There are 2 protein chains.
Amino acid sequence: MNKWVYNFGAGTAEGDASQKNILGGKGANLAEMNNIGVPVPPGLTITTEVCNYYYDNHQEYPKELNDQLNLALQNIEKITGVKFGDSKSPLLLSVRSGARASMPGMMDTVLNLGLNDITVEALANKSGDERFAFDSYRRFIQMYGDVVLGIDSLEFEEIIENQKEIDNIILDTEVSAHSWKLITTKFKALVKEKTGNIFPQNPIEQLWGSISAVFNSWMNQRAITYRKLNDIPQSWGTAVNVQAMVFGNMGDDCCTGVAFTRNPSTGENSYYGEYLINAQGEDVVAGIRTPQNLTIKEKEEQNSESLSMEESIPQIYKELVNIFKKLEAHYLDMQDIEFTVQKNKLWILQTRSGKRTTTAAVKIAVEMQKEGLISKQVAISRVDPLGLDQLLHPTLDPHADKEIISRGLPASPGAASGRVVFNSEKAVEMSKNGEEVILVRMETSPEDIHGMHAARGILTSRGGMTSHAAVVARGMGRACVAGAGDILIDHENNKFSVGDMVVNSGDIITIDGSLGEVIKGEVPTIMPELSKNFSELMQWADQYRKLNVRANAETPIDVKTAIEFGAEGIGLCRTEHMFFDNERILAVREMIFSDTMEERRKALEKIFPMQKNDFIEIFKLMKQLPVTIRLLDPPLHEFLPKEKEELEELADLLGSDITHIRSRSLQLEEQNPMLGHRGCRLGVTFPEIYEMQVRSIFESSIEVSKSLNIEIKPEIMIPLIISEKEFIYFKNLVENIAKNIEQEYGELPKYLIGTMVELPRAALNADSIASHADFFSFGTNDLTQTTLGISRDDCSKFLPDYIDNNILDNDPFISIDLNGVGKLVSNAVKDGLKSNKNVKLGICGEHGGDPKSIDFFHNIGLDYVSCSPYRVPIARLAAAQARIKNK
Amino acid sequence: MNKWVYNFGAGTAEGDASQKNILGGKGANLAEMNNIGVPVPPGLTITTEVCNYYYDNHQEYPKELNDQLNLALQNIEKITGVKFGDSKSPLLLSVRSGARASMPGMMDTVLNLGLNDITVEALANKSGDERFAFDSYRRFIQMYGDVVLGIDSLEFEEIIENQKEIDNIILDTEVSAHSWKLITTKFKALVKEKTGNIFPQNPIEQLWGSISAVFNSWMNQRAITYRKLNDIPQSWGTAVNVQAMVFGNMGDDCCTGVAFTRNPSTGENSYYGEYLINAQGEDVVAGIRTPQNLTIKEKEEQNSESLSMEESIPQIYKELVNIFKKLEAHYLDMQDIEFTVQKNKLWILQTRSGKRTTTAAVKIAVEMQKEGLISKQVAISRVDPLGLDQLLHPTLDPHADKEIISRGLPASPGAASGRVVFNSEKAVEMSKNGEEVILVRMETSPEDIHGMHAARGILTSRGGMTSHAAVVARGMGRACVAGAGDILIDHENNKFSVGDMVVNSGDIITIDGSLGEVIKGEVPTIMPELSKNFSELMQWADQYRKLNVRANAETPIDVKTAIEFGAEGIGLCRTEHMFFDNERILAVREMIFSDTMEERRKALEKIFPMQKNDFIEIFKLMKQLPVTIRLLDPPLHEFLPKEKEELEELADLLGSDITHIRSRSLQLEEQNPMLGHRGCRLGVTFPEIYEMQVRSIFESSIEVSKSLNIEIKPEIMIPLIISEKEFIYFKNLVENIAKNIEQEYGELPKYLIGTMVELPRAALNADSIASHADFFSFGTNDLTQTTLGISRDDCSKFLPDYIDNNILDNDPFISIDLNGVGKLVSNAVKDGLKSNKNVKLGICGEHGGDPKSIDFFHNIGLDYVSCSPYRVPIARLAAAQARIKNK
């Protein structure tokens, strides 16, 4: 027979902390606290398996549940000595949700269950406090009415407000016992009116109603959204915890409070919390009365005038502190604890690992390790790698007001304010004049690189998490909100609108790239500082991780950032980014418009010294660290101007007429540039471009090697390879240039040659390609686009629907799609190593900075991941966690 | 020790006809003819393996070759009784190439080898004909000079012309012995001047020079191109045949000729050929003298006045006819035979299967079967399926003159003339007025369907073999030349130009879609007629093939064509093609511009009855044959107008303003529509569209089932699936509608539901998807695009370079890419059958009509292929051949 219900109370429990999967987090900890002697009101947990059963069986319960529940209830009655529904000494219950992962506030709770017209009198008698009894009863009706019967809470509030008006009072605490009684009657009438039935008087009916309400709340919209945002599978279900009520509102010898064993905001090792005398839990949350501090220290720091708990009830505070110590020592983590004092008796209602800021997480983890509580490995695992973004980018002041006007994707973390501009030239111009600007575009293209660099942040109305804007912004460390679809940009009139609101060029907006928010006006931001604890944690991570971490970078500033953040090489140097410089773009365009190979070579000769100098700068910075240079990748039309004036300017400069330039531009346009004339296909049709690039790599590496007296061995990467023959073609091209260089320089340049594996066909032919290649770098962005047939620039129109409808578990451009792209990659790794056991394996797609994907890359045995410089610390930490987790 | 050289002569041979791989076609047949008693000049064959050795070893020969060659030469000397290089009675040799597959005229030949200043005198003495001897010598020098020494043949011709001027004569036959002698001297001087060496006098040196020249000619440009066009692998190599010379030019008792055992043009069973008295082989080819007919019949048919061979040398003619019979009976195929008569002695120089037109191929195959010569299976294998296109489409009159102005891809077979128009509306309008038009577009889009239908042919300047224009044209049976890249279209001025030539709207051009030619003016065409032989052959094919053949069709006319051509079902009915009808497109656009689901439903209600009627028509035509209907696939922006006026018209009709319409259109645009918001992604975001389609399928199938009293079971196909969950989502959608239909019609509609497998991720998840699907249809067009990352609309800029550089073996959009797409498809078949052994497997990409791909599809065990209606006969024949070949 299945066990659907677990008992706990009086120092024993059927479950323990290890059973979170079936008892939920709260239930498992309630059981555990019993086991270790922490005072917890007795109760029972209905397992998460009941939740799944309930949803798998048209919202019916397993037939054994009723008996098991009754038995467990009897156990509570035995411990408390009172009986559920008893007219003299009634047991009152709380009913709370408790999922495997904490989902605070997402689901429903019912308190004071068991009260009815008879038991309320018994409660009044027993407590000697009629006001308390009827206040409890009205709270119960209100909660039950809302949660179980679906009556809007406001309707109850209105009744209270009316009564208070009649009584001419303001605060709930001023309401008399008599008025609460009156209100109770009116509440019951409201229930009758709304539901057609009287308010249920049978406690067992109340209990079942509340249990079902909690299970139903698993599928409410809030909960679904929360799960989606936090990657919690629906199949986990929630448990339901039923506990004997304890009351913090039975008089001034009662109180209720919330505490953290360490400061969740700073991580400081001192107790932190607040309590309210004569109150129930929800009063703390409701914020009607201002809670008092727990400790004298806090009180002083906050200049509070109310007594701290440490002062007001020092004996109980001492008991509480002992429990803090016990729980932290037991759970070996900072705890978030709810407690209630009923008539000077302390009860712990909940303990769980406390949520914390990343700053706090880092500090707590490092300090706990030093305190000897946890190992380095555990410390490493305690910090969410993605949270590190908070430490690396400015964030909005959490206390500032903000008027959110639109939402998009949180495409590149950080927050920024600035004046709206609609084109890159303007962005550059205004930023030169010292203005801070936010570049607003439908979408960005490589042409916008300089505008993006000049801007504090980028906002686009189209595109996904790996759209051009998002990728480049992350690389540069600029805040970016992408794909804010309700923004209508009117380029002609230099404005954008969202609904009725119009924002003109020059108006100030703020974007929060960590949350995807677009905010009106300026919001103050906070600049982060990297702590010693952070450095220490990262050092530990480096000790444990097996994956190397490189950065995707090409400009000297990005390369420097990458080194600062601990990158161990460059995994992707995109040479085309170097082509957009104002001084070079013209030569590039000249090259594109060349009719003959000779003309093209002439234009390339102009680019050559600049390109060579790029590499010299990079090699000087990177020294012996590996640098993987990808030869030209984007289709040539990306380098062409789009605007009429620019086209005219180009025609002038090339001594050609505008019609010719325009028709040539048109000829270069493509239906699906992603699948077009790009990557090494350019090297097949225009080998002279690749020859120029390879030559500049060789000359620069030899020259820097000599001047610094080190050995530089660049890694030349051929993009978009689909076959063995294609790779051999380029290997020969590179070898021939190496031979020419040998004749000129007297030495054969040292290099590795490898390829991006970014198309399914390359992955499917990894064995034959690997037999000629020194390395593979998985280009998971393009591999995701082609494997799933989803353009990252166009997916914002349907991908959200896919995730909302549960058709895809997550955005495949953020975390690698294990069942599609993952299969191709892991098979390619196996096949590649089979034919060449020395082939070096890396990944340079956006997934290189995603912790979940890094876990996968670790497991399939890659040598390194490469990500944008600002993601390097995240990748280092995630790589260490992957190693620890999969040991 | 390797055997590099094979002897033959005097009725015995070391090789035979089965050894084409190492002896080449010519060498194997020379050996075989010896074995069966046909008189062949004795000789030797140097194997194709020597060719491969030669290219694998820096053009050096295996060391044993010299000895083996000498031994074989001695054998020839023994048989002929003359010695190579002998000053009295010299053996003369011919040196000819001979590849495994016939490559006529592609490689080099040297005749009369062994002549030098001494042996020429011996030849003169022996033949008693000094003129003949020196004519032979000068021919040898000229050929050797050209082929071995690389001297332009024209330089030799010039010497001859000068001499003839001096002698005041016109024809070569008039040149005297003396003059030939003079010419010989001058030839030798030319060689000295050009090469710095005297003309080689040593016959052995001559022989090695010629052998190397033949091997070198394997890699000349002509041969490389021919191999590419005919899919002959380079690794096959060529053999070299060295034979004792026989002379057809030793006097009037000599002749030389070419004959076919049946008419290669019509297939008629009568000898066909021509001969020249007192001539060498190349004189027949050179066309200086008009050859005479072989038979009296031919002579009479051609009203020729010269004597036929049958009349002039009846005895030898009789001998020849006996050999014809012997060879055809032996090879069981129509033979193409070269012969020479030297001094009344008949020699056969070559026999091979004769090239023939498709008409002839069909007639010969069917008749030979009836004559009991070959089996039905062999008959089936004798006809090239691709050739059937010739029988199904009009072709250009081969005797007409044509001025080719441009070339593109032969995208859809057939020839057509008409007036040039540049837009589809104009095409429709002019064709209504009875004009024949050729639609000329940069590229076509679904909007052009009606224009394409109205046109006789389509010419595009962009796009590949599977571009929209190509695919649709083939489906409609319209001629199409695609991607004629040198055509510059000037839409504004309604003209196009190629180089300096300008073609205006209304000018007449002709396109040959079988050859990819664009021709100025009108060229007469020939309409084909389907013969009884053709039908018979197709019936045989149907008996043997295992693959079913369906058609891709959606209009009643296409469906009728498909049935006529023997389609056994519709494998792909593209519902979106039905949306472009003039009457519907507006409702479609209204639907697209709807802001709410209600508005969208209203617009869909207008489309519903039309869509339902489409299916009624199709079901009535197809009756019980299966019909696979694909739900809406293209991105919605394909349905929007592009031109300003059309946009304005639309704004008017929708009661909206043009700015709104334009900005909405802009919002719908995509960077990479191929990877965008299309396929079943439309069904996720706008389920009401798919609901309308499914409902119309169900209602129509039930109604037609009832009215015809048959059981119609439509196959509903969900496009662009990437995951199991996605498929289940649509399966549920379809099931729900089926249940609604049941309530309205009192019966559950019968149907199958399946999916296109057209993205790598679908193929990689075939197991899980198949467990829910009734059928898979591999969409190899899109699967090729995504697996290789190549857009079929953009590939014309680089794919030719890939094929030229041997990086790809062939166009992956024509024949399936075995190493990439093929791997995905065959694994998906295996995985799919593993989880659902009843899953029906088909393919509906363009590859469904390609014989090479059909062979693959047969081998991996698909149930059917589906192709455009005009390809159905090709597929039927190819499927039979695949079965026979792989038995």
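Keep in mind it's a predicted model, so treat the numbers as computed, not measured. (Residues numbered from 1 in each chain as written. Chains lettered and ligands numbered in written order. Predicted model: local features only at pLDDT ≥ 70, side-chain atom pairs only at ≥ 80, totals over all residues. Heavy atoms only, no water.)

> Can you walk me through the overall build of chain A in this structure?
For chain A, the helix and strand inventory stands at 35 helices and 34 strands. The dimensions of chain A, computed from C-alpha atoms along their principal axes, are 105 × 60 × 55 Å. In chain A, the share of contacts with a sequence separation of at least 24, taken over all contacts with a separation of at least 6, comes to 68%. Accessible surface for chain A amounts to roughly 34,900 Å². Of this, 48% is attributable to carbon and sulfur atoms. (Helix = DSSP H or I, 4+ residues; strand = E, 2+ residues; numbered from the N terminus. Contact = heavy atoms within 4.5 Å. Areas by Shrake-Rupley, 256 points an atom, 1.4 Å probe, with all protein chains shown as cover.)

> What's the story with the nonpolar core in this structure? I'm lost.
In a soluble, globular protein the nonpolar side chains are often hidden away together inside. Residues Phe776(A), Phe778(A), Phe776(B) and Phe778(B) are the most contacted members of the largest nonpolar core, which totals 270 residues. Phe778(B) has contacts with Val757(B), Val825(B), Ala828(B), Val829(B), Leu841(B), Gly842(B), Ile843(B), Cys844(B), Gly845(B) and Leu862(B), leaving out every residue within four places of it along the chain. (Core = buried A, V, L, I, M, F, W, Y, C linked by side-chain atoms within 4.5 Å. Buried < 20%, exposed > 50% of the residue type's maximum accessible area, 1.4 Å probe, protein only.)

> Mind showing me how you'd approach the sheet that holds strand 24 (residues 508-512) of chain B here?
As a general point, the strands of a sheet are linked pairwise by backbone hydrogen bonds and lie either parallel or antiparallel. Residues and elements named next belong to chain B. With mixed pairing, eight strands are arranged side by side in an open sheet as 15-25-24-17-18-19-20-16. Edge positions in the sheet fall to strand 15 (404-407) and strand 16 (409-412), since each of these pairs with one other strand and no more. Across the sheet, the axes of successive neighbouring strands diverge by a mean angle of 30°, strand direction being ignored. As judged from the five bridges shared by strand 17 (residues 415-421) and strand 24, these two strands associate in the antiparallel manner. What sits directly across from arginine 419, in strand 24, is isoleucine 508. Taken strand by strand, helix 19 (residues 468-476) contacts strand 16, strand 19 (457-460) and strand 20 (479-482), and its axis lies near 45° from that of strand 16. (Pairing = 2+ DSSP bridges. Axes fitted to C-alpha atoms, helices over the stretch in contact; angles between N-to-C directions.)

> Just checking my understanding: could you explain the packing of helix 20 (residues 532-544) of chain A against helix 35 (residues 872-885) of chain A for this structure?
Relative orientation and spacing of two packed helices are given, respectively, by the angle between their axes and the distance between those axes. All names here are of chain A. Orientation of helix 20 relative to helix 35, taken along the N-to-C sense of each, is 50°, at an axis distance of 8 Å. It follows that helix 20 is oblique to helix 35 by the angle criterion. Pair helix 20 / helix 35 crosses with left-handed handedness. Here Phe534, Leu537, Met538, Ala541, Asp542 and Tyr544 of helix 20 lie close against helix 35, whose contacting residues are Pro873, Arg876, Leu877, Ala880, Arg883 and Ile884. For the contact of helix 20 with helix 35, a count of residues per class yields nine nonpolar, no polar and three charged. (Parallel < 35°, antiparallel > 145°, perpendicular 65-115°, else oblique. Left-handed = near helix turned anticlockwise from the far one by under 90°. Nonpolar A, V, L, I, M, F, W, Y, C, P; charged D, E, K, R; others polar.)

> Which parts of the structure should I look at to understand the pattern of salt bridges?
Oppositely charged side chains may form a pair once their charged atoms are brought near each other. In the structure shown here, the tally under the stated rule is 100 salt bridges over all chains. Between Asp633(A) and Arg630(A) there is a salt bridge, and its shortest N-O distance comes to 3.8 Å. The residues Asp633(A) and Arg630(A) share a single accessibility class, namely buried. With a closest N to O distance of 3.3 Å, Asp135(B) and Arg139(B) form a salt bridge. In this pair, Asp135(B) and Arg139(B) are both assigned in helix 5 (residues 130-147), four residues apart and thus about one turn of the helix distant. Judged by relative accessible area, which is 6%, Asp135(B) ranks as buried. On the accessibility criterion, Arg139(B) (11% relative accessible area) is buried. Bridged by salt links that share partners, the residues Glu576(A), Arg630(A), Asp633(A), Arg678(A) and Asp782(A) form one connected network. (Salt bridge = Lys/Arg side-chain N within 4 Å of Asp/Glu carboxyl O.)

> How should I be thinking about the packing of aromatic side chains in this particular structure?
Any aromatic ring pair is given by two values, namely how distant the centres are and how the planes are angled relative to each other. Under the counting rule described, the total for this entry stands at 46 aromatic pairs over all chains. Their ring planes at 80° and their centres at 5.1 Å tell us that Tyr729(A) and Phe730(A) sit as a pair that is edge-to-face. Here Phe730(A) falls in the buried class, since its relative accessible area comes to 0%. Look at Phe776(B) and Phe778(B): their rings are 6.2 Å apart centre to centre, the planes differ by 80°, and that puts the pair in the edge-to-face class. (Phe/Tyr/Trp six-rings, centres within 6.5 Å; stacked < 30°, edge-to-face > 60°.)

> Whenever I open this one, the sheet that holds strand 22 (residues 495-498) of chain B confuses me. Can you help?
Residue and element names in this part refer to chain B. A sheet is described by the order of its strands in space; here three strands give the open sequence 21-22-23, paired in antiparallel fashion. A strand with exactly one partner marks an edge of an open sheet, and here the two such strands are strand 21 (487-490) and strand 23 (501-504). Strand-to-strand, the axes of this sheet are offset by a mean angle of 25°, without reference to chain direction. Where strand 22 lies against strand 23, four bridges are found, and the strand directions are antiparallel. Bridging from a neighbouring strand, phenylalanine 496 pairs with valine 503 of strand 23.

> Would you explain the relation of the copies chain A and chain B in this entry?
Copies of the same chain, two in number, are related to each other by a rotation about an axis and a translation along it. Superposition of chain A onto chain B requires a rotation of 179° combined with a translation of 0.3 Å along the rotation axis, giving an RMSD of 0.5 Å. Expressed as an axis order, the relation between the two copies is that of a two-fold axis. (Least-squares fit on C-alpha atoms with pLDDT ≥ 70 in both.)

> What's the story with the side chain of Glu77(A) in this structure? I'm lost.
Among the secondary structure elements, Glu77(A) is positioned in helix 3 (residues 65-80). One polar contact links the side chain of Glu77(A) to the main-chain amide nitrogen of Phe84(A), over a distance of 2.8 Å. (Polar contact = N/O pair within 3.5 Å; in protein donor to acceptor, adjacent residues only side chain to side chain.)

> Please explain the environment of Asn162(A) as it appears in this structure.
Residue and element names in this part refer to chain A. Structurally, asparagine 162 is set in helix 6 (residues 153-167). With a relative accessible area of 41%, asparagine 162 lands in the partly exposed category. Between the alpha carbons of asparagine 162 and aspartate 56 there is a distance of 45 Å; along the sequence they are 106 residues apart.

> Would you explain the confidence of the model for chain A in this entry?
Low pLDDT marks regions whose predicted coordinates should not be analysed in detail. In the predicted model, chain A carries a mean pLDDT of 91, and 99% of its residues have values of at least 70. Reported confidences for the modelled complex are a pTM of 0.83 and an ipTM of 0.82. (pLDDT = per-residue confidence, 0-100.)

> For this particular structure, what's the right way to read unusual backbone geometry?
Generally, phi is negative for residues other than glycine and the peptide bonds are trans, each holding for most cases. Residue and element names in this part refer to chain A. Positive phi outside glycine occurs at histidine 58, with the angle close to 50°. In this fold, histidine 58 is placed in the loop between helix 2 (48-56) and helix 3. Positioned with a positive phi, leucine 332 is a non-glycine residue whose angle comes to about 55°. Along the chain, leucine 332 turns up in the loop between helix 13 (314-331) and strand 12 (335-342). Take leucine 332: its relative accessible area is 30%, and that puts it in the partly exposed class.

> How should I be thinking about the interface of chain A and chain B in this particular structure?
Interfaces are often sized by the accessible area lost when the parts come together. Across the contact, 54 residues belong to chain A and 54 residues belong to chain B. Summed over both partners, the interface of chain A with chain B buries about 4,900 Å², with 53% contributed by carbon and sulfur atoms. It is Gln671(A), Leu675(A) and Arg761(A) in chain A that bury the most area against chain B; as a group they hold 13% of the surface buried on that side. Between chain A and chain B we count four salt bridges in total. The partner of Asp809(A) in a salt bridge is Lys725(B), and the shortest N-O contact between them spans 2.8 Å. (Buried area = accessible area lost by both parts, 1.4 Å probe.)

> Help me understand the pairing of strand 19 (residues 457-460) of chain A, please; the structure alone is not making it clear to me.
In the case of a regular strand, side chains alternate between the two sheet surfaces. Residue and element names in this part refer to chain A. Of the two faces of strand 19, both are covered, the one formed by Gly457 and Leu459 as well as the one formed by Ile458 and Thr460. Of the pairings in the sheet, the one linking strand 18 (residues 437-441) to strand 19 comprises four bridges and is parallel in character. Bridge pairing links valine 440 to leucine 459 in strand 19. Handedness of the strand 18-helix 18 (residues 449-454)-strand 19 crossover: right-handed. (Right-handed = clockwise from strand over helix to strand, strands pointing away.)

> Explanation requested: helix 4 (residues 119-127) of chain A in the structure shown.
An α-helix turns once every 3.6 residues. As a result, residues three or four positions apart point the same way. Residues and elements named next belong to chain A. Residues of helix 4 that are buried: Thr119, Val120, Ala122, Leu123, Ala124 and Ser127. Looking at the packing, one finds that the buried side of helix 4 touches strand 5 (90-91) and helix 5 (130-147). Remark: glycine 128 follows helix 4 within two positions and exhibits a positive phi of approximately 65°.

> Mind showing me how you'd approach the state of the cysteines here?
All names here are of chain B. Summed over the entire model, instances satisfying the criterion amount to zero disulfides over all chains. With no disulfide of its own, cysteine 680 has cysteine 844 as its nearest cysteine by sulfur position, at a separation of 14 Å. Cysteine 680 gets classed as buried once you look at its relative accessible area, which sits at 0%. (Disulfide = S-S within 2.5 Å.)

> Explanation requested: helix 25 (residues 658-668) of chain A in the structure shown.
All names here are of chain A. Among the residues of helix 25, Ile661, Arg664 and Ser665 are the ones counted as buried. Along helix 25, the residues classed as buried sweep out an arc of 105° about the axis, all on the same side. The inward-facing, buried residues of helix 25 abut helix 22 (582-592) and helix 24 (644-654). (Arc of directions from axis to C-beta.)

> Help me understand the packing of helix 24 (residues 644-654) of chain B against helix 25 (residues 658-668) of chain B, please; the structure alone is not making it clear to me.
Residue and element names in this part refer to chain B. Where helix 24 meets helix 25, the closest approach of the two axes is 9 Å, and the angle between their N-to-C directions is 115°. As the angle between them shows, helix 24 and helix 25 are arranged roughly perpendicular. Here helix 24 runs over helix 25; the crossing is right-handed. Judged by residue contacts, Lys644, Leu647, Glu648, Leu650, Ala651 and Leu654 of helix 24 engage Ile658, Ile661, Arg662 and Ser665 from helix 25. Residues of the contact of helix 24 with helix 25, tallied by class, amount to six nonpolar, one polar and three charged.

> Can you help me understand the environment of Ala541(A) in this one?
Residues and elements named next belong to chain A. One can find alanine 541 in helix 20. Alanine 541 sits in the buried class, given a relative accessible area of 0%. In this structure the C-alpha to C-alpha distance between alanine 541 and proline 719, which are 178 residues apart in sequence, comes to 32 Å. In this view, alanine 541 contacts Ile380, Arg876, Leu877 and Ala880; residues no more than four positions away in its chain are not counted.

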